[in-house]
Amino acid sequence: MSANQKIKSALESLLFVWGDPLEAKVCAELFNLSVPETVDCFRELMGEYEERESGLRIREMDQRFQLCTNPENDDYIQRLCTPIKEKRLTQAALEAMAIIAYRQPVTKGEIDSIRGVRSDRVLEGLIRRELVAECGRSTAIGRPILYGTTPGFLAQFGFESLEDLPQIEDIGTLVLSDSYEFSDELTAHQIRIPLEEENKEVAQ
Amino acid sequence: MSANQKIKSALESLLFVWGDPLEAKVCAELFNLSVPETVDCFRELMGEYEERESGLRIREMDQRFQLCTNPENDDYIQRLCTPIKEKRLTQAALEAMAIIAYRQPVTKGEIDSIRGVRSDRVLEGLIRRELVAECGRSTAIGRPILYGTTPGFLAQFGFESLEDLPQIEDIGTLVLSDSYEFSDELTAHQIRIPLEEENKEVAQ
Amino acid sequence: MTYKVKLDVFEGPFDLLVYLIEHARMSIYDIRVSEITTQYLSYIRDMKRQDVTVAQEFMVLAAALIELKAKMLLPGSEEEEIPEGEEDPRSELVARLLEYKRFKEMAEFFAQQEEISTHIHTKPREDLDPYTGPEEELLRTDIEQFARAFRAFLFRKKKLEEIRQDYERVERQRMSIEHKIEQIRSFFRRKPKLRFSELIARESDRYDVVLTFVSVLELVKQAAVRVRQPKQFGDIEIVLKGDRSQGS
């Protein structure tokens, strides 16, 4: 296997594990390459995916790359998901809402790790409906955004204040104690260390 | 694009989205194919990944398929982020695991007697980690619970199916012939407590 | 001293016995019962002396060994069960030990398999909500449902906490000196003279800076580069020396 192939293979693995858009600069450091060289590798890989009409695609945005599915296969994904729709996933928004209500302020990473599923869309929806809003930055590495409930949330559920939330046994020990640390350790398969990417977001 | 290619492309997308092992049966329904046809498609795809030395791999366990990284790229992944992995099993747990894998369905009494030690804790741990599960009751006196391996076992140890387990030379003859009787006998005066306990379980 | 081992390393009486037999260079098919019984018993005495609770199982095997030793001393004494010269009284023990040993070896094999799988990574499920429709509608529901969702979450959290005991974090590898040196050499491929400031990325942390500095020192030691600092506290110039270093 040539050096170029080796790098492309490694890039595929990294994209897969990382999930979110991955900066070419970060990869360049890992492989002792310049950023343009790395970008070239990513683009070659991208071309190969398209050429063989793979079910996966790499998308580029601002020298970041992300692995995703070929939109042509959306129908099948939809059909695969239909049976679960009734079973479980309708709970998603409520679940995320509950996690945010009881554990605020909370990061998206925590919500993901507690639910065991990525919650980007759910969170977006809650924000759009103004039930949830950003409420600062965590002091943890990468300074991730913290989310909390809004006055709209109280209104929607008829609470006067957050103290009105129904008490649930064990809530003290379970929720309030080790909360951040716990979820930090728990993303089952993969924990990303936010590199510069998230810092940059702070700077913006 | 041929029908076969189209299906393989869709399977790639499904594997990616699903994350967990995906049952061939479920996919067969989506594509109106037989299960063996679907398995063939998955395996073709699997071969193509290996052939082009991709950074991704498809692994098979008991007619389920899962997308994962090529182990050769682990170094790069660890330089990029800190994945969380299940802790390795202890020697005791591995011993019990091996006994269950080869002699399933098997009772706790049998495991105890081969190891010469009680295995309650170890067994509990294996069940909690979903490597082992109850799979019925023995017809023997007291109708003790039988244990067997789960699909998670195959994944954790990298076996495609139970047939994939290496032969232990003579294990059949040694285990099933006279030593079986004998081990029962030793169990009798060696471990009296489990008998009582098993009766209790039945009584519940 | 025949067995100077940590007391708790044995998984059970068979594990200990197999160890003692192998350590005494005996064939498992031809166990010198008297010798091994002595060793076994003295090991158990040691356990007691060190206040290790001797598990019942260890005592049971001790009793079995003593019984076996007695049988070996009185050949043919129990004619009905062991016809003289036909069956070895040790054969039962041997069969059990062999069976145990075989699984112990399989356990080692499993450990190797497990090790391989630690280098394989999977990904979490994607967010399926775009495919499953707008469940936000549910948010119009009442407080009971909300509380129920939260209870479900608490349950999951408990479960996750249980699982947590079984997980460990694979540490992120920090860059090594070797890796950094490699990187510096690759910079030299583009030009023969570098400044220290060029070697460290803008957002480097202290670790990176120190690592880079130590790596440069290492290169100096290897006589691969020459360094110069024209001004006090100024930038350091690093010049690649001749062709010698190019090859490596």
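Residues numbered from 1 in each chain as written. Chains lettered and ligands numbered in written order. Predicted model: local features only at pLDDT ≥ 70, side-chain atom pairs only at ≥ 80, totals over all residues. Heavy atoms only, no water.

**Details of the confidence of the model for chain C**
Residue and element names in this part refer to chain C.
Thinking step 1. When pLDDT is averaged along chain C, the result is 77; 70% of the residues meet or exceed 70.
Thinking step 2. Averaged pLDDT values over the elements of chain C bottom out at 55 in strand 1 (residues 167-169) and peak at 91 in helix 1 (residues 13-23).
Thinking step 3. Contacts from residues 1-5, a stretch scored under 50 in pLDDT, to residues over four places away or in other chains number twelve contacts.
Thinking step 4. Overall, residues 244-248 carries pLDDT values under 50, and its contacts beyond four positions in sequence, including any with other chains, amount to six contacts.
Thinking step 5. Interface confidence for the predicted complex, given as ipTM, is 0.64, next to a pTM of 0.61. (pLDDT = per-residue confidence, 0-100. Helix = DSSP H or I, 4+ residues; strand = E, 2+ residues; numbered from the N terminus. Contact = heavy atoms within 4.5 Å.)

**Some remarks on the packing of aromatic side chains**
Thinking step 1. Applying the stated criterion across every chain, the model contains 15 aromatic pairs over all chains.
Thinking step 2. Where Phe159 of chain B meets Phe110 of chain C, the ring centres are 5.8 Å apart and the plane angle is 55°; that geometry is what we call tilted. Taken as a pair, Phe159 of chain B in the loop between helix 8 (151-157) and helix 9 (171-176) and Phe110 of chain C in helix 4 (residues 91-117) lie in two separate chains rather than in one.
Thinking step 3. Between Phe14 of chain C and Tyr100 of chain C, the aromatic rings sit 6.0 Å apart at their centres with planes inclined by 50°, giving tilted as the arrangement. Taken together, the residues Phe14 of chain C in helix 1 and Tyr100 of chain C in helix 4 connect sequence positions 86 residues apart.
Thinking step 4. Phe14 of chain C gets classed as buried once you look at its relative accessible area, which sits at 2%.
Thinking step 5. With relative accessibility at 1%, the residue Tyr100 of chain C sits in the buried group.
Thinking step 6. Through pairs of rings, three or more aromatic residues link up here, namely Phe153, Phe157 and Phe159 of chain B together with Phe109 and Phe110 of chain C.
Thinking step 7. Directly above the aromatic system of Phe16 of chain B lies the positively charged group of Lys123 of chain C, at a separation of 4.2 Å from the ring centroid. (Phe/Tyr/Trp six-rings, centres within 6.5 Å; stacked < 30°, edge-to-face > 60°. Buried < 20%, exposed > 50% of the residue type's maximum accessible area, 1.4 Å probe, protein only. Lys NZ or Arg CZ within 6 Å of the ring centre and 35° of its normal.)

**So, the sheet that holds strand 2 (residues 56-61) of chain B**
Residue and element names in this part refer to chain B.
Thinking step 1. Within the open sheet, the three strands sit side by side as 1-3-2. Their pairing is antiparallel. Only two strands of the sheet have a single partner each, and these edge strands are strand 1 (22-23) and strand 2.
Thinking step 2. Pairing of strand 2 with strand 3 (residues 64-69), which is carried by six bridges, proceeds in the antiparallel orientation. Looking across to strand 3, one finds that Leu56 is bridged to Thr69.
Thinking step 3. Sheet strands in contact with helix 3 (residues 35-51) are strand 2 and strand 3, and its direction is about 145° off that of strand 2. (Pairing = 2+ DSSP bridges. Axes fitted to C-alpha atoms, helices over the stretch in contact; angles between N-to-C directions.)

**Looking at the sheet that holds strand 5 (residues 132-137) of chain A**
Residues and elements named next belong to chain A.
Thinking step 1. Strand order in the open sheet formed by three strands is 4-6-5, and the pairing between neighbours is antiparallel. Where the open sheet ends on each side, the last strands, each with one partner, are strand 4 (106-107) and strand 5.
Thinking step 2. Bridge analysis of strand 5 against strand 6 (residues 145-149) gives four bridges, and the strand direction is antiparallel. Within the sheet, the bridge partner assigned to Glu134 lies in strand 6 and is Tyr147.
Thinking step 3. The strands that helix 5 (residues 92-103) touches are strand 4, strand 5 and strand 6; relative to strand 6, the one it contacts most, it runs at about 95°.

**Thoughts on the packing of helix 5 (residues 91-103) of chain B against helix 6 (residues 108-115) of chain B**
Residue and element names in this part refer to chain B.
Thinking step 1. Axis separation between helix 5 and helix 6 bottoms out at 10 Å; the angle between their running directions is 125°. Classified by the angle their axes make, helix 5 and helix 6 are oblique. Remark: the crossing between helix 5 and helix 6 carries right-handed chirality. Between helix 5 and helix 6, the contacting residues are Ala92, Glu95, Ala96, Ile99, Ile100 and Arg103 on the first element and Glu110, Ile111, Ile114 and Arg115 on the second.
Thinking step 2. Tallied by class, the residues present in the contact of helix 5 with helix 6 amount to six nonpolar, no polar and four charged. (Parallel < 35°, antiparallel > 145°, perpendicular 65-115°, else oblique. Left-handed = near helix turned anticlockwise from the far one by under 90°. Nonpolar A, V, L, I, M, F, W, Y, C, P; charged D, E, K, R; others polar.)

**Quick word on the pattern of salt bridges**
Residues and elements named next belong to chain B.
Thinking step 1. Summed over the entire model, instances satisfying the criterion amount to 27 salt bridges over all chains.
Thinking step 2. With a closest N to O distance of 2.7 Å, Lys108 and Asp112 form a salt bridge. Residue Lys108 and its partner Asp112 are both found in helix 6; the two are separated by four residues, about one turn of the helix. Here the two residues Lys108 and Asp112 agree in accessibility, since each one is buried. (Salt bridge = Lys/Arg side-chain N within 4 Å of Asp/Glu carboxyl O.)

**Observations regarding the interface of chain A and chain B**
Thinking step 1. Counting residues at the interface gives 38 residues for chain A and 33 residues for chain B.
Thinking step 2. Taking both sides of the interface into account, the surface hidden between chain A and chain B amounts to around 3300 Å²; carbon and sulfur atoms contribute 68%.
Thinking step 3. Counting every contact that joins chain A to chain B gives zero salt bridges.
Thinking step 4. Between the two partners, chain A and chain B, sit twelve residue pairs in polar contact (both at pLDDT 80 or more).
Thinking step 5. Among the elements of the structure, helix 1 (3-18), helix 2 (24-31), strand 3 (64-69) and helix 4 (74-87) of chain A are those that each provide at least two residues to the side of chain A that touches chain B.
Thinking step 6. Per-element tally for the side of chain A that touches chain B: the top contributor is helix 1 of chain A, with eight residues.
Thinking step 7. Here the side of chain A that touches chain B is built from residues that sort into 22 nonpolar, ten polar and six charged. (Buried area = accessible area lost by both parts, 1.4 Å probe. Polar contact = N/O pair within 3.5 Å; in protein donor to acceptor, adjacent residues only side chain to side chain.)

**Topic: the nonpolar core**
All names here are of chain B.
Thinking step 1. Grouped together as the largest cluster of nonpolar side chains are 56 residues, with contacts concentrated most on Leu11, Leu14 and Phe31.
Thinking step 2. With near-sequence residues (within four places) excluded, Leu11 lies in contact with Cys27, Phe31, Cys41, Phe42 and Leu45.
Thinking step 3. Residues Ala92, Ala101, Leu123 and Tyr147 belong to the second largest nonpolar core, which totals 33 residues. (Core = buried A, V, L, I, M, F, W, Y, C linked by side-chain atoms within 4.5 Å.)

**Describing a negative patch on the surface**
All names here are of chain B.
Thinking step 1. Side chains of Asp62, Glu160, Glu163 and Asp164 sit close together on the surface and give a patch of like negative charge.
Thinking step 2. Relative to the assigned elements, Glu163 resides in the loop between helix 8 and helix 9.
Thinking step 3. The exposure class assigned to Glu163 is exposed, which follows from its relative accessible area of 73%. (Patch = residues over 30% accessible without salt bridge, like charges linked within 9 Å, V, L, I, M, F, W, Y side chains within 5 Å. Areas by Shrake-Rupley, 256 points an atom, 1.4 Å probe, with all protein chains shown as cover. Lys, Arg positive; Asp, Glu negative; His and termini not counted. Charge placed at Lys NZ, Arg CZ, Asp CG, Glu CD.)

**As for unusual backbone geometry**
Thinking step 1. With omega at -5°, the peptide bond leading from Gln104 of chain A into Pro105 of chain A counts as cis.
Thinking step 2. As for its position among the elements, Pro105 of chain A is in the loop between helix 5 and strand 4.
Thinking step 3. Of note in the backbone geometry, Gln63 of chain B takes a positive phi value of approximately 60° without being a glycine.
Thinking step 4. Note that Gln63 of chain B resides in the loop between strand 2 and strand 3.
Thinking step 5. Gln63 of chain B gets classed as partly exposed once you look at its relative accessible area, which sits at 40%.
Thinking step 6. One non-glycine residue, Arg25 of chain C, adopts positive backbone phi at about 55°.
Thinking step 7. Of note, Arg25 of chain C is situated in the loop between helix 1 and helix 2 (33-49).
Thinking step 8. Of the residues examined, Arg25 of chain C reaches a relative accessible area of 77% and is grouped as exposed.

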